[in-house]
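Structural characterization, general
Each chain, written out:
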Amino acid sequence: MNLLRNRTFLLLMIGESIAGAGLWIFIIGNLQFMQHIVPSDTVKGLILMAGLMAGVLLSPKAGTLIDRSDKKKILFASSVVRCASPLLMIPAIEHQSIFIMICALVIQQASNAFYLPAVQSSLPAILGPAELLRGNSVYLNVTTLSRIGGTALGGVLVASLALDQLYWFTFASNVFLAVATLWMTIPRQTEAKARSYQAMRFSEVFSLIKREPAVIIGLGNTYIITLLLGGFNLLVLKYSEIQHAPELMGWIYTVEGTSILIAGLVSKQLIGNRNLVTFSSMLLFVFALSQFLLSFAASRWFVLAGFALFGLTVAFFFPSVTTIFQKRLPGDTHGRFFAVKGMIERVLIQVSVVFTGACLDLIGLNGFMWVMCGATFFMGVFSLVYGKRHPVDVRQHQLSEHERSA
């Protein structure tokens with residue numbers, strides 16, 4: 001089915017773009033709120049980690065519930081709960097209360113622990129196998145657009161409106177997402193299957209991963225890139241400090257985001273029917289090249305070229321590995337798998353922030369990029385060797401084993 005004719009997919013993407021922009025407005029508002037009452041950067045980081053830990057703790061329950069329940073109901077309920085988060089910031093501002101802000105962050109991350117895995121596990125149900133890679137690419141583009149638009153709009157609103165007024169934009173975007181969810185049609189599992197899942201445990205997803213070399217390769221490749229992405233904002237800030245150019249931060253975000261959007265438009269055609277496992281592993285060498293360019297921290301052109309190449313590669317990499325996960329694992333385990341994946345990523349992002357900050361202090365920006373370049377290159381070699389020892393073949397126009405046996 002053509003993506004433009006798929007009403008549920010269009011509603012999901014439109015809702016995600018608006019709610020995603022609202023989320024970034026929410027984040028910018030929180031940073032502005034803390035700037036006035038929390039002088040310590042360390043304390044600010046600990047406050048933000050409190051919300052992330054809520055998502056980590058809820059992920060096991062979220063994954064199991066998503067696989068056993070109607071995904072549409074999960075999307076709607078999590079969207080409604082998310083609406084409470086910006087509303088809590090109104091009394092937080094009035095009383096200058098960090099405790100209320102932490103409650104708002106916990107609610108935000110708790111809803112994300114359910115909403116994000118539900119979206120990723122719903123895509124195979126609402127898209128045909130031939131459109132899955134394109135759908136994942138569009139989803140990446142939508143989240144990128146919402147990040148660019150949300151940060152730009154948030155910057156304007158912070159400068160022109162009172163802080164409490166800013167959160168009403170986030171509230172409105174969350175309400176829109178909840179309403180849009182009501183018009184979606186997501187195929188449900190049969191009652192017989194639903195009963196058979198009652199005995200399945202969250203931990204069983206780990207045994208499934210162990211039996212799938214393609215999934216192991218995809219996860220390893222994803223996490224080495226996440227290690228860099230976690231400290232992305234720290235790196236951007238450091239480049240602007242080294243070059244004494246505050247405006248460089250805006251250029252970096254623009255170049256990286258634009259590269260993702262441009263490459264995302266043609267990713268399905270350029271990937272073609274290549275083996276996605278081998279293709280995603282080869283992309284690690286391109287990531288390593290972008291990190292090599294970024295090691296020339298004093299050169300604006302090398303830095304912008306490095307981020308442009310990084311963005312282009314992201315547009316091919318993440319849709320490819322997501323498609324691998326969706327095709328190689330049974331549909332009734334997608335909720336738990338993406339919950340596990342998200343849980344590990346949240347922990348890894350926190351580790352990445354600390355790791356990036358420590359490396360910048362100890363070995364400097366250039367040294368850090370050399371370390372990441374070497375680690376990414378080594379992971380690329382390991383993935384290719386592991387892939388040859390455990391031959392796997394996943395292609396965008398290929399039915400999964402579970403689809404063929406259905």
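Residues numbered from 1 in each chain as written. Predicted model: local features only at pLDDT ≥ 70, side-chain atom pairs only at ≥ 80, totals over all residues. Heavy atoms only, no water.

Turning to the packing of aromatic side chains, a few remarks are in order. Considering all chains together, one arrives at 16 aromatic pairs under this definition. Ring geometry for F279 and F316: centres 6.4 Å apart, planes at 80 degrees, overall edge-to-face. With F279 in helix α13 (residues 276-294) and F316 in helix α14 (residues 300-328), this residue pair connects regions lying 37 residues apart in the sequence. Like F279, the residue F316 is buried in the burial classification. Three or more aromatic residues joined by ring pairs make a cluster, and in this case those are F287, F310, F317 and F318. In this structure, R82 is placed above the aromatic ring of Y115, and the distance from its NZ or CZ to the ring centre is 4.8 Å. (Phe/Tyr/Trp six-rings, centres within 6.5 Å; stacked < 30°, edge-to-face > 60°. Helix = DSSP H or I, 4+ residues; strand = E, 2+ residues; numbered from the N terminus. Buried < 20%, exposed > 50% of the residue type's maximum accessible area, 1.4 Å probe, protein only. Lys NZ or Arg CZ within 6 Å of the ring centre and 35° of its normal.)

The next thing to look at is the environment of I66. In this fold, I66 is placed in helix α2 (residues 41-68). The spatial distance from the C-alpha of I66 to the C-alpha of A84 is 21 Å, given a sequence separation of 18 residues. Contact partners of I66, with chain neighbours within four places excluded, come to K71, I74, F114, P117, A118, S121 and G335. (Contact = heavy atoms within 4.5 Å.)

Our focus in this paragraph is the pattern of salt bridges. Throughout the structure, instances matching the rule amount to four salt bridges. Residue R134 pairs with E131 through a salt bridge whose shortest N-O separation is 3.8 Å. Accessibility expressed as a relative area gives 13% for E131, which makes it buried. For the salt bridge of E345 with K341, the shortest nitrogen-to-oxygen distance reads 2.9 Å. Linking E345 with K341, this pair stays in helix α15 (residues 334-362), spanning four residues, or about one helical turn. Here E345 matches K341 in class, with each residue buried. (Salt bridge = Lys/Arg side-chain N within 4 Å of Asp/Glu carboxyl O.)

Turning next to the packing of helix α11 (residues 232-242) against helix α12 (residues 247-271). Where α11 meets α12, the axes come as close as 8 Å, and the angle between the chain directions of the two elements is 135 degrees. For the element pair α11 / α12, the angle class is oblique. Crossing geometry of α11 relative to α12 is assigned as right-handed. Taking contact as the criterion, the partners of F232, N233, V236, L237, Y239 and S240 in α11 are, on α12, L248, M249, I252, Y253 and E256. Residues that form the contact of α11 with α12 fall into these classes: eight nonpolar, two polar and one charged. (Axes fitted to C-alpha atoms, helices over the stretch in contact; angles between N-to-C directions. Parallel < 35°, antiparallel > 145°, perpendicular 65-115°, else oblique. Left-handed = near helix turned anticlockwise from the far one by under 90°. Nonpolar A, V, L, I, M, F, W, Y, C, P; charged D, E, K, R; others polar.)

With respect to the element layout, A21 can be found in helix α1 (residues 7-37). A relative accessible area of 17% places A21 in the buried class. Separated by 121 residues in the primary sequence, A21 and V142 place their C-alpha atoms 9.9 Å from one another. Residue contacts for A21: discarding those within four places in its chain leaves S146 and G150.

Considering every residue of the protein, the mean pLDDT works out to 84; 93% of them sit at 70 or more. Note that pLDDT drops below 50 for residues 194-199; the model gives that stretch seven contacts with residues more than four away or on any other chain. (pLDDT = per-residue confidence, 0-100.)

Contact geometry for helix α4 (residues 84-95) and helix α7 (residues 163-182): axes closest at 8 Å, N-to-C directions at 165 degrees. Judged by the inter-axis angle, α4 sits roughly antiparallel to α7. Considering how the two elements wind past one another, α4 and α7 form a crossing that is left-handed. The segment α4 lies against α7, with P86, L87, M89, I90 and I93 engaging L163, D164, Y167, W168, T170, F171 and N174.

Attention shifts here to unusual backbone geometry. Unusually for a residue other than glycine, Q96 sits at a positive phi of about 50 degrees. We note that H244 has phi near 50 degrees; this positive angle belongs to a residue other than glycine. With respect to the element layout, H244 can be found in the loop between α11 and α12. Residue classification places H244 among the exposed residues on the basis of a relative accessible area of 70%.

Turning our attention to the state of the cysteines. When the sulfur atoms of two cysteines share a covalent bond, that bond is a disulfide. This structure, assessed with the given rule, holds zero disulfides. Take C83: it sits in no disulfide, and the sulfur closest to it among the cysteines is that of C103, at 17 Å. C359 provides the cysteine sulfur closest to C373, a residue in no disulfide bond, and the two sulfurs are 14 Å apart. Judged by relative accessible area, C373 falls into the buried class, the value being 12%. (Disulfide = S-S within 2.5 Å.)

Next up on the list: α7. Buried residues of α7: L163, L166, Y167, T170, S173, N174, L177, A178, A180 and T181, and no others. Angular distribution of buried residues about the axis of α7 spans 165 degrees; they occupy a single face of the element. If you follow the buried residues of α7, they end up packed against α1, α3 (71-82), α4, α5 (98-126) and α6 (132-160). (Arc of directions from axis to C-beta.)

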